[in-house]
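Coordinate inspection notes
These are the residues of each chain, in order.
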Amino acid sequence: MADKSIKICCGALVLNDDEKALLVRLNRASELGERWSIPMNIANYGEKTEDSLMKAMEKEYGVKIQILRAIGFIDEIKSDEHLHKVYFLCRIENGNFNLKNNKNYVEFKWFSAKDIPEDASINEVLLPMYILKYITVRECAFCFCCLHIINMITFISPAAPP
């Protein structure tokens, strides 16, 4: 039997001054298929999640971010892996976002709450945005899914974002 472990994934829900969310489209070759997500990375052993995310955003996307607050976390447990995903609300402090150093994503775009694409990830996009009250059931037809699985995510704070 293979040794099983938990991977800690960090996700950045990045909002700009116009309150648009930065989403990245996963490469079709990824195991998750082509869909929209937020920038994510896997933390290294001994690394704080916040430090891991800030380092990855600078190295892989060319931007320094400010983490405003933790949003929450969710566990995705499959037969062969356990992912503990921690989501943070962020802003870009410096730099221009790019995908030059990341082969997992093929494009990026800023989306307003009403324009979130239909193929956005429920766990990585819709749930964090719903928790922060950036989207409602009216704005996102898929939020009915969010309502059914909202109990899977652990909330850090029910307060509105800064």
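Sequence order as written defines the numbering, with residues in each chain counted from 1. Local features are withheld for residues below a pLDDT of 70 in this predicted model, meaning they are given only at 70 or higher, and side-chain atom pairs are given and counted only at 80 or more; totals for whole chains, interfaces and linings count all residues. Values shown for side chains rest on all heavy atoms present in the structure; no hydrogens or waters enter the calculation.

**Examining the packing of aromatic side chains**
- The criterion for an aromatic pair is that two Phe, Tyr or Trp rings (for Trp, the six-membered ring) have centres within 6.5 Å, with stacked assigned to planes under 30 degrees apart, edge-to-face to planes over 60 apart and tilted to the rest. Applying the stated criterion across every chain yields a total of four aromatic pairs.
- Here Tyr 61 and Tyr 105 contribute two aromatic rings whose centre-to-centre distance is 6.3 Å and whose plane-to-plane angle is 40°, an arrangement assigned as tilted. Taken together, the residues Tyr 61 in helix α1 (residues 49-61) and Tyr 105 in strand β7 (residues 105-111) connect sequence positions 44 residues apart. The same class applies to Tyr 61 as to Tyr 105, namely buried.
- Site record: aromatic cluster; members linked through ring pairs are Tyr 61, Phe 97, Tyr 105 and Phe 108. What counts as a helix is a DSSP run of H or I of at least four residues, what counts as a strand is a run of E of at least two, and both are numbered from the N terminus. When a residue's accessible area, from a 1.4 Å probe over protein chains only, is under 20% of the maximum for its type it is buried; when over 50% it is exposed; and in between it is partly exposed.

**With respect to the nonpolar core**
- If you look at the biggest cluster of nonpolar residues, it comprises 43 residues, and the most contacted ones within it are Leu 53, Met 57, Phe 97, Ile 116, Val 125 and Met 129.
- Listing elements by their share of this core, those giving two or more residues are β1 (6-14), β2 (21-26), α1, β5 (63-77), β6 (82-95), β7 and α2 (122-131).
- In what follows, residue pairs with any heavy atoms lying within 4.5 Å of each other are defined as contacts. Apart from residues lying up to four places away in sequence, Met 129 is in contact with Leu 13, Ala 21, Ile 116, Tyr 134 and Ile 135. Throughout, nonpolar core names a set of buried Ala, Val, Leu, Ile, Met, Phe, Trp, Tyr and Cys residues whose side chains join them through atoms within 4.5 Å.

**Considering unusual backbone geometry**
- Its identity as a non-glycine residue notwithstanding, Glu 19 has a phi of 65°, on the positive side.
- As for its placement among the helices and strands, Glu 19 is situated in the loop between β1 and β2.
- For Glu 19, a relative accessible area of 33% gives the class partly exposed.
- Phi at Lys 133 is positive, roughly 65°, even though this residue is not glycine.
- Within the secondary structure, Lys 133 sits in the loop between α2 and α3 (143-149).
- The exposure class assigned to Lys 133 is exposed, which follows from its relative accessible area of 61%.

**With respect to the sheet that holds β7**
- Between any two strands, pairing holds if DSSP finds at least two bridges. The sheet built from three strands is open, its strands ordered β3-β2-β7 with antiparallel pairing. One side of each edge strand has no neighbouring strand; the edge strands of this open sheet are β3 (36-37) and β7.

**Some remarks on the side chain of Lys 85**
- Structurally, the position occupied by Lys 85 is in strand β6.
- The class for Lys 85 is buried, based on a relative accessible area of 5%.
- Pairs of N or O atoms are called polar contacts if they sit within 3.5 Å, as long as, within protein, a hydrogen donor faces a hydrogen acceptor (for residues adjacent in sequence, only side-chain-to-side-chain pairs). In terms of polar contacts, Lys 85 uses its side chain to reach the side chain of Glu 76, at 3.1 Å.
- Side chain to side chain, Lys 85 and Glu 124 meet in a polar contact 2.4 Å long.

**Re the confidence of the model for the protein**
- Residue-level confidence of the predictor, termed pLDDT, takes values from 0 up to 100. Looking at the protein, pLDDT values average 81 and 77% of them are 70 or higher.
- The model gives residues 143-162 a pLDDT under 50, and that stretch makes 44 contacts with residues more than four places away or in other chains.

**Brief notes about α1**
- Working rule for helices: expected span equals 1.5 Å times residues minus one. In this model α1 runs 17 Å from its N-terminal to its C-terminal C-alpha over 13 residues, within 8% of the 18 Å that 1.5 Å per residue would give.
- Here the buried face of α1 lies against β1, β4 (40-42), β5, β6 and β7.
- At the C-terminal side of α1, Gly 62 shows a positive phi close to 75°.

**Side note on the pairing of β5**
- Here 13 bridges tie β5 to β6, and the two strands are oriented antiparallel to one another. Counted as the bridge partner of Lys 64 is Asn 94 from β6.
- Once β5 ends, the chain turns through four residues before running back antiparallel as β6.

**Some details on the pattern of salt bridges**
- Within this document, salt bridges are pairs made up of a side-chain nitrogen of Lys or Arg and a carboxyl oxygen of Asp or Glu, the two lying within 4 Å of each other. Following the criterion strictly, the structure yields nine salt bridges and no others.
- Across the pair Lys 78 and Glu 81 runs a salt bridge, and its minimum N-O distance is 3.8 Å.
- Owing to a relative accessible area of 38%, Lys 78 belongs among the partly exposed residues under this scheme.
- We note a salt bridge from Glu 124 to Lys 85, for which the minimum N-O separation is 2.4 Å. You can see Glu 124 sitting in helix α2 and its partner Lys 85 sitting in strand β6, a full 39 residues away along the chain. There is no split in this pair, since Glu 124 and Lys 85 are both buried.
- The structure contains a network of salt bridges with shared partners spanning Arg 35, Glu 76, Lys 85 and Glu 124.

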